[in-house]
Structure formats: C-alpha cells, structure tokens
Amino acid sequence: MRSSWLVAALAPAASIASTCEPDFFAPYLTSNASIEYARTFTSSDTFEGPLGNYTGLPEYCALYVNVSSSATSAYEFGLWLPTNTWNKRYMAYGNGGFTGQVAFTDMAPGLNYGFAVVSTNTGHNSSVMEAGDAGWALDNPETRTDWGWRALHGSVALGKVLAEAFYNNNIEYSYYAGCSTGGRQGLKEVQMFPDDFDGVLAGACAWWTSHQQNWDLKLALDNLPNNASHHVTADLMDALAAEVLRQCDGQDGVKDNIIMDGYACQFRLEALLCSSSRTNTSTCFSADQLNTVYRVYSDWIDTNQTFIFPSFAWGSEAQVSLMIITEDDSVDQPSGIAYPRDFVYNDASWPAGNLDYATIELSDRLDPGNATADTYDLRPFYQRGGKLIHYHGFADGEIPTGSSIYYYKQVEKAMTPLGYELDDFYRFFLIPGMQHCSGSVYGAPWYIGSANQPSALTGSNIWGVPGFRDRKHDAVMALMAWVENGTAPTELIATKYVDDTPALGVKIQRRLCPYPQRATYVSGNWNHTSSFECQ
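Residues numbered from 1 in each chain as written. Predicted model: local features only at pLDDT ≥ 70, side-chain atom pairs only at ≥ 80, totals over all residues. Heavy atoms only, no water.

The name given to the protein in an unreviewed UniProt entry is Carboxylic ester hydrolase, with Aspergillus bertholletiae as the source organism. Looking at the Sequence similarities (unreviewed entry) heading of the UniProt record, one finds this comment for the protein: "Belongs to the tannase family." (UniProt positions renumbered as here; feature names shortened; annotations may be inferred.)

(A) Fine view of the domain arrangement of the protein. Parsing the protein into structural domains produces domain 1 (14-171), domain 2 (175-208 + 373-534) and domain 3 (225-333). Measuring from the centre of the C-alpha atoms in domain 1 to the corresponding centre in domain 2 gives 24 Å. Counting residues at the interface gives 26 residues for domain 1 and 30 residues for domain 2. Note on domain 1 versus domain 2: buried area summed over both sides is about 2200 Å², and carbon and sulfur give 56% of it. Of all residues in domain 1, Tyr113, Leu152 and His153 give up the largest surface area on contact with domain 2, accounting jointly for 23% of the area buried on that side. (Domains from an automatic or database assignment. Contact = heavy atoms within 4.5 Å. Buried area = accessible area lost by both parts, 1.4 Å probe.)

(B) Representation of helix H13 (residues 475-485) within the structure. With 10 of 11 residues buried, H13 lies mostly within the body of the structure. Among all positions of H13, only Ala475, Val476, Met477, Ala478, Leu479, Met480, Ala481, Trp482, Val483 and Glu484 are buried. Backbone nitrogen of Val476 and a side-chain oxygen of the N-cap are separated by 2.8 Å at the start of H13; the cap is Asp474. At the exit of H13 stands Gly486, carrying a positive phi of roughly 75 degrees. (Buried < 20%, exposed > 50% of the residue type's maximum accessible area, 1.4 Å probe, protein only. Helix = DSSP H or I, 4+ residues; strand = E, 2+ residues; numbered from the N terminus. Polar contact = N/O pair within 3.5 Å; in protein donor to acceptor, adjacent residues only side chain to side chain.)

(C) Inspection of the nonpolar core at higher detail. The biggest cluster of nonpolar side chains holds 91 residues, and the ones touching the most others in it are Leu81 and Leu240. Among the elements that make up this core, the one with the highest residue count is helix H3 (residues 141-167) (8 residues). Counting 50 residues, the second largest nonpolar core, distinct from the first, contains Tyr391, Ala451, Trp463 and Tyr497. (Core = buried A, V, L, I, M, F, W, Y, C linked by side-chain atoms within 4.5 Å.)

(D) Spatial organisation of the environment of Trp136. Here Trp136 shows up in the loop between strand E7 (116-120) and H3. As for Trp136 and Ala451, which are separated by 315 residues in sequence, their C-alpha atoms are 25 Å apart. The contacts of Trp136, once residues within four sequence positions are left out, are Phe98, His124, Thr143, Arg144, Trp147 and Phe343. Within polar-contact distance, the side chain of Trp136 engages the backbone oxygen of Phe98 at 3.5 Å.

Following this line, the structure appears as structure tokens:
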C-alpha cells in the first residue's frame, strides 16, 4: 500500500493517456529536440528495456527524446508519465560509470511511487558491460560535456516542461536519486543548478573525477605485472578478507560478521606473512606482496606530500580484488586506463606506465567535460531550501568510502565558518558492510530503496522497501519527508532480506546514523535495531 500522503494529489482522469503521442508534445519541444516515440503502456503491456523487461506497472505514457547538444553531439532521455497515479512529483535517476544508457531499471520502481520519472543516456550509447570503457570520449569534447553535466541537466529541464504540459499542472516537488557516477551527477546538479531539485539522494559519489579515475589506473599498476614478486592473486585477496574479518569484527564491541568502521580497525597485516609455520603461498603473503596491499590500502600521496585520493576501508576486499585483478589486465591495457587515455591525453596509444603526478595536474587543469563535482560552498542550494542525503557503503571496493567522507568534511570546512549548520540541509550516512551502491559482505544489511538497489533484489516489480515503505527504512521517502514536512532524518534503517529476496522475509536490519555519529552497540541481541544507538 502507498502511504496516503505520498499520493495525496493525483493527476486528472485517465483520459490524458489519449494525449500520449508525438504531435501533442511537439509544440513544447525546443528547436534542437525531437521525439523518437510516445506511447501509452498499460499494466498488461511489457516495456522491453536493455537490461530487462518491465510489466505490471501503473499505466504510463513513455516518451523517448533526442536532443542535439552541439554540432557534433546529442543526448537522449526517457520520460515516463503515470496517467492515473501521478503524485505531482518528478524524479530523475542517474547513471553508472561511463555507461551510456537510460536507467529504466530505476525508472520502473520510481513509477510505482507515483513519480513522473526521467533518465538520460548521458550523450552516448553503450552497455553496462562497457561501464569502464570510454572510447566514445576520444576526440569528442562535446560528448564529454554531455556526460559531465549537460545531458542530465538538459533532460531534467525539458522533461519538466513536457510533464507539466501532459498533466496541464505544475510539478510540486522535484527529486533526484543516483549512485556512483549517478552520485557525482547529483552533487554536480546541487553545485551547478541548485534550482533543479528540491531534494537529492546521492550515493557512493564518483565526484572527484580528475583524481579518482586516474587512481583507478594506479591501483591496477600497483599490482602489475602478473608475474612479478609483488603481484597479489585472487586467492590471497580471499585470505586477506578472512583475516580482516577475524581481526576487525569484534573491535566494534560485538562479533556479528559486520565491520562497523573499517577505518577504525587496528588491523595488523603482518599476521599474514609467510613463515616457517605458514608456507602455503596461496594463503600467506611475501614481504613484497604485503607492500602491494599497503599501497592499495593507503592514501595516494604524491609530489610535495600532495594528497591525491583516499584509500579503501578494511572490509572492502571482495570488490577491491576485482579492481586490482581482472582477466584482461595487462601492462599495456590495464583497467582504469580509459580516463587518462580518452579524456585527458586524448591519445589512443597513450602508455599506462606514463601515469604520474603530471597527469593529475593536467587532469585538474583540463577537467574534461567539467565533470568533477568539487564545489564545496553549497549556499545556493541551501538558500533555495534544498535537501541532500548522501550515503556510502563501508565495504565499497570500487570507490573508497573515504572519498565521501573527504567531500563531506570539505563542505563542512567551507560552510561552518560562514555560520551554516550542515545538519540543516545535508545528512551523510555510512552503511557498514555495504558494497558499491548495492549488496553487502557477510550478510550485512544494505538495502535502503535508493537508486540501483531494487534491481539488485530477486523478485518482480520491486520498489521502495517491501514491507517497510516508510521514511525510516526508505531513503527516498526520508528525503521526501525532509523536503515536504521538514522532518530531518535522524536515522535510517538498512535491511537485508533472506537471499536478497523480499518474498523470503527479513534476515537482519541495522540502524544507520548521520555522520559523524555512528551506530554503537549498547546491549541485547545484536540482530535487533534497538541494540544500537546513534552516538
């Protein structure tokens, strides 16, 4: 059941579905835009998307729009407009990696809330399997700009015009949800276009593009070549993960297979050194291999002690393994090479081994596509009444949790001296055990109903937090309550379903606290949320 306040203001009768055709929308298009299709889908119809098919949704008008953004570039966006269940709210969804694909997997759950939903392909078409490939950016500066910010902002702006024309009514509230690149897009919107959204939900933000993307390459190079004495194998990463859990789990006061704060763990890596009693080289590390782990789990500090990028937290080993060990990694074409090669140097033959501090300096100077979301003074967003919920998993092995902590602290340094309290408009939540955007290690609760998450569960037509569609468990509804009712989120509750299947019931839930507070075990059964308090 939908909460009554969520659908308090419905759209006009279903007769508006008859206006779902290109001719109706044509007068509202800008001169550089065209509609590829406009069609009504009923609950019995199936929308065939690139990542799956969607059926059983509330009736909606589906549009697909093409916009020429320059003489050499164009972007596309999908817009779904519920015909009977619109709640006068608008929701935009972000993207992942370098992928050029409309986020239909998020639009479908969003439709069930009653939102009019929109998402862009960011200016190019590529599959999720090509999320790390940026060949499309080579010699295409305008397309880089589309990816950096223009495609999302343009899609949101035109999508609003088309939605209001369709309903002959104003949008009352506009929201955004995205993770990873989608998180970066959300922060970029807050910084560049503070009037676009009333509320933004941004996860695991890939915000520091000019540094993070080069750091991806550094990670791969740290563990290459594969035949070197310092190379760490997948088996060794498994052994590292097991030892991290053994040492770190109980340090937070309760042994529950959940590392509450991987940065706070006093981890002794030398316990894994090979010795006369430890000779299995698939489970113990040489001194050279330990040095590789130290490099991977240490901040990147370069020339003149310049801080470049933060490290992973202990507990993220499962995904870190995928970052530093991939089947196609080689000295010539390691993972992570796409950004410096295709964005910065714009040279298809640029050798990965040339990565150095000068690459960082050049990346900062060029910031291709103006993608980096490094504005910390968020006063325009605050002053227009905007609200930002930011979250990151502690077991994220793709984008270090520390990068979000760093961003939050930079905003704090920029705004607190000016007399602003971040809690008035910006809440940041860390999720112990959660990996990149979705999923978790060792069965930790991770689900908060945000972007990228419903599609990571097993079951049909999943939206919100099944069984718990309220502002405590659902981050989207928490954002809405804050924007519309002034009810700030003092906590969120993350859910782990049995086998990540809502139909099988809940395995565990855990309280999450706004930073810098943390959920601290006080007493009782650790499987109960009441056993933890925000302190």
